[in-house]
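Structural features, examined
Chain by chain, the residues run as shown.
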Amino acid sequence: MDSILFVKAQRPHGAVQVLKALTGPVRTSLLNNPIRLVPLGFLGAIVLGTLLLALPISRTDPSAGGFMPAVFTAVSAVCVTGLITVDTPTYWTPIGQGFILLLIQVGGFGIMTLSSLLALLVRKHLGLRTQLVAASETQAMNLGDVRRVLIFVAKTTFAIEGAIALVLTGRFWVMNPADPGGALWGGIFHSISAFNNAGFALYSDSLISHANDPWIMIPLCVAVILGGLGFPVIHELLRRSGSRKSWSVHTLLTVWGTVGLLVLGAVVLGLFEWNRPETLGELTPGGKSLGVLGLSVFPRTAGFNNIDYGQASSESLLVTEILMFIGGGSAGTAGGIKISTFLVLAFALWSEARGHEQLTVGRRAVGAGIQRQALSVALLGVGAVATGTLALLVLTEHSLEEVLFECVSAFATVGVSMGITADLNTSAQWVIIGLMFIGRVGIVSAAAALALRHRRLLFKLPEEQPVIG
């Protein structure tokens, strides 16, 4: 917040001063708070994506569809969710699929990050206001690091996507030697979709028909995990790979939280689904192992279906909902409340149970402000999911289990579904659209965008201690 106050204290210069004079106090307020520009950037991409997908050339049947399939798919792609109301490979033409892929890349990369990179290429430098906007999107720790972070984000994104696309293209080509162009398109599409944790697939059953194929499942899982770690963590791992003691608290929480949840999720979901004929029971032992891996990886938050979740056990659905709600790492392509948020709250509970006044992770203390932020994100996330679930119960005839799964998947920008998305009426689809948007932009960012102003209190009130519990 200090950096934003610093901007307010400076004399506006150049184009910003002219823009303030022309647009008045309302838009000036937006310019002075770059965090508010993030949801506006995503809204702009959604509007553009809707217009592109509404074009007749985007649909296999130009007379079919209408506004809702276009806007729902645009929101799902920009918010890198993967929930769909129409079948991606049959409803959309290759041009439409290209538009979807573009929206996924833009959404995963971040509207503000992409804008800052374009400014960097044109102007060869970043202005202070642009740096602040980028910092709010990339979660850069220091303002001076933003330019380096943006360049690193671009290089990392295209390097990982390129490597995964190469492996997938080779596999698809082996599967269908007569169609090298289709193999290349499939490799590129699924690589970008996986790394950006989007979950869109060019197969009507998502990945169910490829659940036994390690040359498809393993590269996709690797892409999903790397995208879900977050760029700050990847950057730190590359710089300090041989010295775990020097890792930051954020990297410690994200890495060990990711490993722990992946292992725990695989073990628990494997116990519930290993012998169920409706899901993994009919596969080979190797296919079951790949299936368990996918069941643990894809809810965090890729959205590929490697089983029919409509046939999964209630226990597995509950575990999957927990994994989806937690999500992946901050400043990455994953959704949810984030691993760091969940673990900060878990450590806070552990410290409270042991009677410690200070919350510590490793050899570092975590401030009270971070704890309040984590609690706010978690509670607002619970509130968003509960509100969406109640709305769907009122608007549809589906069961609580089905709509809760759908709402958690939408809010956490996961994209896995029990198969009810296409059956939702228009009002229910708008509820899902709202959850996807809030989940991608972030509860805190959305709240900051709606807030008129931030006031720092110049006094403190007397303290009281209400009874808790």
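Residues numbered from 1 in each chain as written. Predicted model: local features only at pLDDT ≥ 70, side-chain atom pairs only at ≥ 80, totals over all residues. Heavy atoms only, no water.

A closer look at the overall build of the protein chain
Scanning the protein chain from terminus to terminus reveals 20 helices and two strands. Counting over 469 residues, the protein chain shows a buried share of 51%. For the protein chain, restricting intrachain contacts to residue pairs at least 6 apart in sequence, the fraction spanning at least 24 positions comes to 69%. Accessible surface, the protein chain: about 22600 Å² in total, of which carbon and sulfur atoms supply 65%. (Helix = DSSP H or I, 4+ residues; strand = E, 2+ residues; numbered from the N terminus. Buried < 20%, exposed > 50% of the residue type's maximum accessible area, 1.4 Å probe, protein only. Contact = heavy atoms within 4.5 Å. Areas by Shrake-Rupley, 256 points an atom, 1.4 Å probe, with all protein chains shown as cover.)

Observations regarding the side chain of T81
Relative to the helices and strands, T81 is located in the loop between helix 4 (67-78) and helix 5 (88-91). Residue classification places T81 among the buried positions, given a relative accessible area of 0%.

A closer look at the packing of helix 10 (residues 180-195) against helix 11 (residues 214-229)
Where helix 10 meets helix 11, the closest approach of the two axes is 7 Å, and the angle between their N-to-C directions is 35°. Contacts between helix 10 and helix 11 pair H190, A194 and F195 from the former with L220, A223, V224, L226 and G227 from the latter. When the residues that make up the contact of helix 10 with helix 11 are grouped by side-chain class, the tally is six nonpolar, two polar and no charged. (Axes fitted to C-alpha atoms, helices over the stretch in contact; angles between N-to-C directions. Nonpolar A, V, L, I, M, F, W, Y, C, P; charged D, E, K, R; others polar.)

A word on the pattern of salt bridges
Scanning the entire structure with this criterion turns up three salt bridges. Across the pair E278 and R276 runs a salt bridge, and its minimum N-O distance is 3.7 Å. Through salt bridges that share partners, E273, R276 and E278 make up one connected network. (Salt bridge = Lys/Arg side-chain N within 4 Å of Asp/Glu carboxyl O.)

As for the nonpolar core
L53, I104, Y309, I432 and M436 are the most contacted members of the largest nonpolar core, which totals 78 residues. Setting aside residues up to four positions removed in sequence, I432 forms contacts with F72, L83, L392, E406, A410 and L424. (Core = buried A, V, L, I, M, F, W, Y, C linked by side-chain atoms within 4.5 Å.)

Quick notes on the packing of helix 13 (residues 249-273) against helix 16 (residues 339-353)
Interaxial distance between helix 13 and helix 16 falls to 9 Å at its minimum, and their mutual angle equals 95°. By the angle between their axes, helix 13 is roughly perpendicular relative to helix 16. Judged by residue contacts, H250, L253, T254, G257, T258 and L261 of helix 13 engage I339, S340, L343, V344 and F347 from helix 16. By residue class, the composition of the contact of helix 13 with helix 16 is six nonpolar, five polar and no charged. (Parallel < 35°, antiparallel > 145°, perpendicular 65-115°, else oblique.)

What to know about the layout of surface pockets
In this approach the atoms are scanned with a rolling probe the size of a water molecule, which exposes any empty space left behind. In this structure, the second largest pocket encloses a volume near 490 Å³. The wall of the second largest pocket is formed by 29 residues, among which I84, S204, S206, N305 and S417 lie closest to the centre. Grouping the constituent residues of the lining of the second largest pocket by class yields 14 nonpolar, twelve polar and three charged. (1 Å grid on protein atoms, 1.4 Å probe; cavity = no way out; pocket = protein on both sides within 12 Å on 5 of 7 lines; lining within 4 Å. Points joined across faces, edges and corners; volume = space filled by probe spheres on them.)

Concerning helix 14 (residues 285-297)
Its 13 residues give helix 14 an end-to-end C-alpha distance of 18 Å, which sits within 8% of 18 Å, the value for a rise of 1.5 Å per residue. Three or more residues of helix 14 are buried, namely G287, K288, L290, G291, V292, G294, L295, S296 and V297. On its buried side, helix 14 packs onto helix 11, helix 13 and helix 15 (314-326). (Expected span 1.5 Å × (residues − 1).)

A closer look at the side chain of E236
With respect to the element layout, E236 can be found in helix 12 (residues 231-239). In this structure the side chain of E236 is engaged in a polar contact, spanning 2.7 Å, whose partner is the side chain of T251. (Polar contact = N/O pair within 3.5 Å; in protein donor to acceptor, adjacent residues only side chain to side chain.)

A short note on helix 17 (residues 368-395)
Its 28 residues place the ends of helix 17 40 Å apart at the C-alpha level, agreeing with the 40 Å of an ideal helix rising 1.5 Å per residue. Among all positions in helix 17, only A374, V377, A378, G381, A384, V385, G388, T389 and L392 are buried.

Some remarks on the environment of Q311
The residue Q311 is located in the loop between helix 14 and helix 15 in this model. Here Q311 falls in the partly exposed class, since its relative accessible area comes to 37%. Considering only alpha carbons, one finds Q311 and E278, 33 residues apart in sequence, at a separation of 5.8 Å. Every residue in contact with Q311, bar those within four places of it in the chain, is listed here: R276, E278 and T279.

Quick notes on empty space enclosed by the protein
According to the stated counting rule, one finds one cavity of 30 Å³ or more in the structure shown. Considering only enclosed or pocket space, the largest cavity measures out at about 60 Å³ in volume. Considering the residues around the largest cavity, the lining is formed by V224, I225, G228, L229, T258, L262, V297, R300, G328, G329 and I339. Sort the elements by how many residues they give to the lining of the largest cavity and helix 11 lands first, with four residues. Taken together, the residues of the lining of the largest cavity break down into six nonpolar, four polar and one charged.

As for the environment of A198
Mapped onto the elements, A198 comes out in the loop between helix 10 and helix 11. Residue classification places A198 among the buried positions, given a relative accessible area of 0%. Residues A198 and I104 lie 94 residues apart in sequence; the distance between their C-alpha atoms is 6.7 Å. With residues up to four places along the chain from it excluded, the contact list for A198 reads V80, T81, G82, I104, S193, A302 and V414.

Section: the packing of aromatic side chains
For the coordinates displayed, the defined rule picks out eight aromatic pairs. Ring centres 6.3 Å apart and planes at 50° place the aromatic pair F172 and Y203 in the tilted group. Here the residue F172 occupies a position in helix 9 (residues 146-175), and Y203 occupies one in the loop between helix 10 and helix 11, the gap between them amounting to 31 residues. A centroid spacing of 5.5 Å and a plane angle of 70° characterise the contact between F298 and F304, whose relative ring orientation is edge-to-face. (Phe/Tyr/Trp six-rings, centres within 6.5 Å; stacked < 30°, edge-to-face > 60°.)

Describing a nonpolar patch on the surface
Taken together, the side chains of W256, V259, V263, V267, L271 and F272 present a nonpolar region at the surface, about 590 Å² in accessible area. Tracing the sequence through the fold places V259 in helix 13. (Patch = residues over 30% accessible without salt bridge, like charges linked within 9 Å, V, L, I, M, F, W, Y side chains within 5 Å.)

Overview of the confidence of the model for the protein chain
Interpreting fine coordinate detail is not advised for predicted regions of low pLDDT. Looking at the protein chain as a whole, the pLDDT averages 83, with 80% of positions reaching at least 70. Scored below 50 in pLDDT, residues 1-28 shows 21 contacts in the model against residues more than four places distant or in partner chains. The model gives residues 120-125 a pLDDT under 50, and that stretch makes nine contacts with residues more than four places away or in other chains. (pLDDT = per-residue confidence, 0-100.)

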